[in-house]
Amino acid sequence: MTVYFAVATLLGGILVGYLAQRSGMCLVSGVRDFYMVRDTHLIKAIPGLFAGALGSYFIYSRIAGFTPNFPLFWDISSWITCILIIIGAFGLGFFTVFADGCPNKQFVRASEGRKDALAYLAGFFVGIAYFNLVLGQVITTLIAVLA
Amino acid sequence: MVKVTPLMSGFIIGLWIGVGMAWVRIYPPEAFTVCMIGHPNDLFSWTINHAFGANFFVHEISLDIPLLTALGVLIGGAVAAIQHKELKFKIRAEDPVWYFILGFAVANFGLMLGYCPIKTLGTVAYGSVQMLIGFIFIELGAIFACRYIKWRLTR
């Protein structure tokens, strides 16, 4: 079953990568372009993705697809989680603008051979290691103390 | 040749998120079909865990074999770039250290949030209030960065 998931996500990833490379899609750059120069080209990906996902959840929840707990609605588990989400989301959006694209766009740019994106991905994977070794541990301890 | 617009690619990726959840059953968590923070984390952490016996966090679904979306995006992007003669191997990195730092920061903030903007919006479509707050703050962060850039330019 796990091989099935790996192959499915590999094929899905190829589709996502192809579409993102052709369209330049990025959910953060769209807002940046609209805010800076009133360009609405990239921001259209937001309603597109929302409509596509909502439509397919809605259809599959009606025709016996696997959609547990749909719709989720109020799923805030604790105020600590909420604060972490706010800090994480704000930082992600902030630094993504300086990097000229979200992680998906950086993977696509790296696949085009752009060296700045390759440097970004090197930092990205070191960041993952740092989070797992240090920051994640600090956050877990903080949650345990505050909860 | 059909021109692929952001609206169209967003819609198709949104459909794939729903198909991956409802029929392929990439779950838990909800709407986890595409996540460019969670899936690369699983791939990297799984590899480190198996190579060095570490104990990095991996989502339940990636415990045996990691989800390979990140690898797929690299392949898909390369195929599209080769097909349309847009490979840019000769472009020099403007400032590799700066981009390294940005990648490092995005990974840490992204893991604090838990997911990437695509997965966050996919979960908003699933009805999650928590991820709605997350998505709003991603865009607020982007707007704040734009204001900072404008302020720096006008100084």
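All figures in this text were calculated on a predicted structure; none of them were measured in a lab.

## Focus on the overall build of chain A
- Along chain A, the regular secondary structure elements total six helices and zero strands.
- Counted from the first residue to the last, chain A has its helices and strands arranged as α-α-α-α-α-α.
- Along the longest, intermediate and shortest principal axes, the C-alpha atoms of chain A span 45 × 45 × 40 Å.

## Thoughts on the interface of chain B and chain A
- Taken residue by residue, the interface counts 103 residues in chain B and 99 residues in chain A.
- Broken down by secondary-structure element, the contributors of at least two residues to the side of chain B that touches chain A are helix 1 (6-22), helix 2 (38-52), helix 3 (69-83), helix 4 (96-113), helix 5 (117-125) and helix 6 (129-154) of chain B.
- Per element, the largest residue contribution to the side of chain B that touches chain A is 17 residues, and it comes from helix 1 of chain B.
- Within the side of chain B that touches chain A, the residues separate by chemical class into 72 nonpolar, 23 polar and eight charged.

## Things to note about the confidence of the model for chain A
- Mean pLDDT over chain A stands at 93; residues scoring 70 or higher make up 99%.
- The weakest mean pLDDT in chain A belongs to helix 3 (residues 45-62) of chain A at 93; the strongest belongs to helix 5 (residues 103-111) of chain A at 96.

## Let's talk about unusual backbone geometry
- The linkage connecting phenylalanine 70 of chain A with the following residue, proline 71 of chain A, adopts the cis geometry, with an omega of -10°.
- Tracing the backbone through its elements, the reader meets proline 71 of chain A in the loop between helix 3 and helix 4 (79-99).
- With an omega of -5°, the peptide bond between tyrosine 27 of chain B and proline 28 of chain B qualifies as cis.
- Its place among the elements puts proline 28 of chain B in the loop between helix 1 and helix 2.
- Even without glycine at this site, asparagine 69 of chain A takes up a positive phi of about 60°.
- Secondary-structure assignment places asparagine 69 of chain A in the loop between helix 3 and helix 4.
- Residue class for asparagine 69 of chain A comes out exposed when judged on the 12 C-beta atoms lying within 10 Å of it.
- In the Ramachandran plot, aspartate 100 of chain A falls in the positive-phi region, its phi being about 65° despite a non-glycine side chain.

About the cut-offs
For every chain, the first residue of its written sequence is number 1, and the numbers climb from 1 along that sequence. Whichever chain is written first is A, and whichever ligand is written first is 1; the rest continue in order. Residues qualify for local features only when their pLDDT is at least 70, as the model is predicted, and side-chain atom pairs are given and counted only at 80 or more; totals for whole chains, interfaces and linings, by contrast, use all residues. In this description a helix means any DSSP run of H or I spanning at least four residues, a strand means any run of E spanning at least two, and both kinds are numbered starting from the N terminus. For every residue pair, C-beta atoms are placed from the backbone, and the pair is scored as a contact if these atoms sit within 7 Å. Three classes are used: nonpolar for Ala, Val, Leu, Ile, Met, Phe, Trp, Tyr, Cys and Pro, charged for Asp, Glu, Lys and Arg, and polar for all others, with Gly counted as polar. pLDDT gives the predictor's per-residue confidence on a scale running from 0 to 100. In this scheme the burial state of a residue depends on its C-beta neighbours within 10 Å: 20 or more other such atoms mean buried, 12 or fewer mean exposed, and anything in between means partly exposed; the C-beta positions come from the backbone.

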